[in-house]
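# Notes for the structure review
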Amino acid sequence: TIFKVTNEFGETIYLKNMESGISLGTASYGMRNPPSFINLVAMTERDFDYEVDAFLTDLIRYESTAPHVSKRLTQVFGTSNPSPSYVSRVTQAFRSGSFTKGGILFGDGNYGNLAAVAAAITLDPEFMSVVGDEDPIAGQVREPLLKVMAFLRSMEFKRRPNVKFRHGLFQDMHFKIGQMVFQPPDQFSFFDPGFSPPGALGATELVSPESEVMTMSSITGITNGFFSLNTWGLVHAGNGWGTYLTKVAPVGDTSSSVGYVTYNAAGDDIYARIDDLSTLLTAGRLSPENKQVLAEAHSHFSQNYGPDRGDRVLIELLSTSPEFHTSNTLRKTGLPRALTPQPDSTSSDYKAIVYVDLFGGADSFNILTPHPDGGCYLYDDYFAARGGEKGIGLTTDDMDPIDGSSAGIPGCTKMGVHKKLSAYKDIFDEGAGIFFSNMGHLHKPVHKGNWITETQTDLFSHTSMKRESHRVDAFLEASGPGVLGRMLDILQDDGYVVAATSMDRKAQMIDGDPKTGRLADVVSSSGPRTIYEREFMNWRDGTDQLRPYLEEVHSETVENAGMFGNMWSQTFLDVWNKAETLTRSLKETQLLTEFTSRTDVGDINKSLRIVAEMIVGRNKRIDGLNRDVFYIQLRGFDHHMEVKQGLDLSLPSLNAGLKNFWNEIKAQGIQNQVLVIQGSEFGRTVSPNSNSGSDHGWGGNYFIFGGDVKGGQIFGEYPRSFSEADPTNIGRGRVMPTTSWEALWYGVNQWFGIDIPSDIETVIPNSRNFGCSVLYSDTDLFHSGTGTVAGCGGPTFTTEVNFNLAEPRYLTGEEQKLICDLAVDISADRLSEGEDDIRCYISDQTIIE
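Okay, so let's go over this structure. Just so we're clear, the structure is a prediction, and the values are computed from it rather than from any experiment. (Residues numbered from 1 in each chain as written. Predicted model: local features only at pLDDT ≥ 70, side-chain atom pairs only at ≥ 80, totals over all residues. Heavy atoms only, no water.)

## Regarding a nonpolar patch on the surface
A cluster of nonpolar side chains, namely V52, F55, L56 and L59, defines an oily patch on the protein surface of about 380 Å² accessible area. Residue placement: L56 occurs in helix α1 (residues 45–60). (Patch = residues over 30% accessible without salt bridge, like charges linked within 9 Å, V, L, I, M, F, W, Y side chains within 5 Å. Areas by Shrake-Rupley, 256 points an atom, 1.4 Å probe, with all protein chains shown as cover. Salt bridge = Lys/Arg side-chain N within 4 Å of Asp/Glu carboxyl O. Helix = DSSP H or I, 4+ residues; strand = E, 2+ residues; numbered from the N terminus.)

Right under this line is the structure:
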């Protein structure tokens, strides 16, 4: 029977009178199968089209879709913090498909009509009201690429006829300005819609998604790009955005550019010209104070260097202004803006952590392998599992032997390290490196029978597992997004002077709580870029005439002025100062090691050289710096094809960079103060695929080294077999980790100076969910370590607990932790112990009907 009905959207639909269901166990628990259009016996393309269409229709008509999409679009085109009533009005337009304003109808009445949504956003009183412009939280930071496009259009950019779009107009924009078409860092776009930046916005729990890409590299990159565009047209020279001219031509010579701006405001009235530019570039928001600054700058440079120079400086200053970069109105105090003060230095020692992330999921079972010397049974098992002679496993010629006795594998006294990573072998043999075997993201200790129900994340996904390895916060309990960032939060609160730097791209791992006011720096592997104007702010020539006018454009604003504009100006001045300080300190820092490398895949050798310079010259960067963290990502390890050849191409550059870095740190005598951690978001399948590659796995093998490391050891539990029957093999050659990320980070926290148990729990809040199983203290990992794992070393009690629930199901991870919190509270009270001295976790669950 087929029923013809009208749904809640006024559409005629046809429903088949049929239900499909499944039952589990003894049929007391079951569920309904979702409807399907596909005939599994006679599949047709038409049915697949219907299935996908029905699925997408169901998603877009889900109850929360309209308000969710409406809010996100309002954040993009309206204001970063729309009021609930504003979002409600846009949501109504989304659902009804129509919006009326002034007697004009927008939309066609169909659900989700974007014309109606766009009109509802841009014609709403909250968006249109002039009074609303005075609200300090109104508006937003403009997206970098939209600023570039708006500037090119307003300044009447003209492309040269001989330049075709297929040649490409821009180069490296994703790094230079933080954004480029078709180049988002992942499927979640360029920034988090819920991002709350450090400072006043973060303290008031307001969001500013676009400010997530306001880094040292993007602020200097977009500023230099505008300056270069006004000097030579769209070129590569002068840190420009173009792809053509790389040599510096005479100022004003645009003949070798991709294109150039043709705007030319006629008339002698400079204030009229500034008003015209204000309308074009800031929608008329330019403050009277900044108009006066521009007029004075134009007068000075025109009189001393000619009217062409005055006109150019006028546009350059306006292109840096807070009114151009944000949609705020501003009022000035008349006072200069102070730089964000550095914290007072302490007498504490210096330590640095360098995290090297092999992104893509490194095939680490070809980095640390069983070695056949001594008749190790596991090597034959490994080699067979990897496909044998025509497979992807390493032969003895592909590896170097190391002492494997600490791995505890019966009959296997040697392990193998990939021959292209000789630095790992040398550092391990030197007694300064530790391998962590079969480590990865875990919610709790799991086994082959319960890992699916006890692991609440999207395993085997690059995005999810990278996020988990960066956060080390399975249940999202921490206040800051990254594990290294949270470590710095604790230390900064304790009075340490801290710094965080990422090479070439932002990294969640080093981001802390926005309320700390600390921003991680993003530095190019080619070195930091300073703000540069060829004639009037060129540190090479000692010219600096533009500086006082730039500082005036970004002078102090009154307390209730626009928060986004205030944030832009403060960040601009801080970044400008920091970039100049960093550039100067690196130029003055002399390394003792030549960072040579025959190849430099991903600029890993360059990145490690910059990090070495920053560590060696740390006190020139920041006076009294106590704690440094660095993040370097080397991409290209997603080897679904030709994994052996892929590693042979990538590992030599990594090897050279780490070898050079280690030699430099030792030559400087600071090896005991530096720790290097090499990780990856997940391991790969032991079994090969049909393309001589390996696929997304779970557990992997990773390496740490440093002068204080108790090296020459293999920690964790390396698989005892690579067969399907092994307890760690969960199918398709995926190895379930037996050691969590928390196991490593516990001892690293202590070594870095975080030794109070409650502080460690703030950094790695899920560490207690592993009981006392495989958590390493700094005593385990470092020669200088004296700490222990809080709550371990005493008696262990195991008990069964029964719960009566409304339906047969397992307890969620959150529920298990709540039960353990209660158990710890009761135990602490009855045993007269501190809660830090007691640990609890639920090892397994069974449903009894």
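The structure having been displayed, the exposition proceeds.
## Observations concerning the packing of helix α10 (residues 270–282) against helix α12 (residues 307–320)
For the pair α10 and α12, interaxial distance at closest approach is 11 Å and the crossing angle is 40°. It follows that α10 is oblique to α12 by the angle criterion. The handedness of the crossing between α10 and α12 is right-handed. Here I270, R273, I274, L277, S278, L281 and T282 of α10 come into contact with α12, specifically with D311, L314, I315 and L318. Per-class residue counts for the contact of α10 with α12 are 7 nonpolar, 2 polar and 2 charged. (Axes fitted to C-alpha atoms, helices over the stretch in contact; angles between N-to-C directions. Parallel < 35°, antiparallel > 145°, perpendicular 65-115°, else oblique. Left-handed = near helix turned anticlockwise from the far one by under 90°. Contact = heavy atoms within 4.5 Å. Nonpolar A, V, L, I, M, F, W, Y, C, P; charged D, E, K, R; others polar.)

## Here's the deal with the sheet that holds strand β11 (residues 399–403)
Read across the sheet, 3 strands follow the order β10-β12-β11 without closing on themselves; strand pairing throughout is antiparallel. In the strand order of this sheet, the two ends are held by β10 (368–370) and β11, each with one partner. Across this sheet, the average inter-strand angle for adjacent strands is 40°, counted without regard to direction. Two strands pair when backbone bridges link them, and β11 and strand β12 (residues 414–418) are joined in this way by 5 bridges, in the antiparallel orientation. (Pairing = 2+ DSSP bridges.)

## So, the side chain of R273
Its place among the elements puts R273 in helix α10. With residues up to four places along the chain from it excluded, the contact list for R273 reads Y263, A265, A266, G267, H298 and D311.

## Overview of the packing of helix α9 (residues 216–232) against α12
Where α9 contacts α12, the axes come no closer than 10 Å and their chain directions differ by 160°. Relative to α12, the element α9 is oriented roughly antiparallel. The interaxial crossing formed by α9 with α12 has right-handed handedness. On α12, the residues touching T223, F226, F227, N230 and T231 of α9 are R312, I315, E316, S319 and T320.

## Details of α9
Relative to the 24 Å expected for 17 residues at 1.5 Å per residue, α9 spans 24 Å between its end C-alpha atoms, a close match to the ideal helical length. Of all the 17 residues making up α9, 17 are buried; the element is thus mostly covered by neighbouring parts of the structure. (Expected span 1.5 Å × (residues − 1). Buried < 20%, exposed > 50% of the residue type's maximum accessible area, 1.4 Å probe, protein only.)

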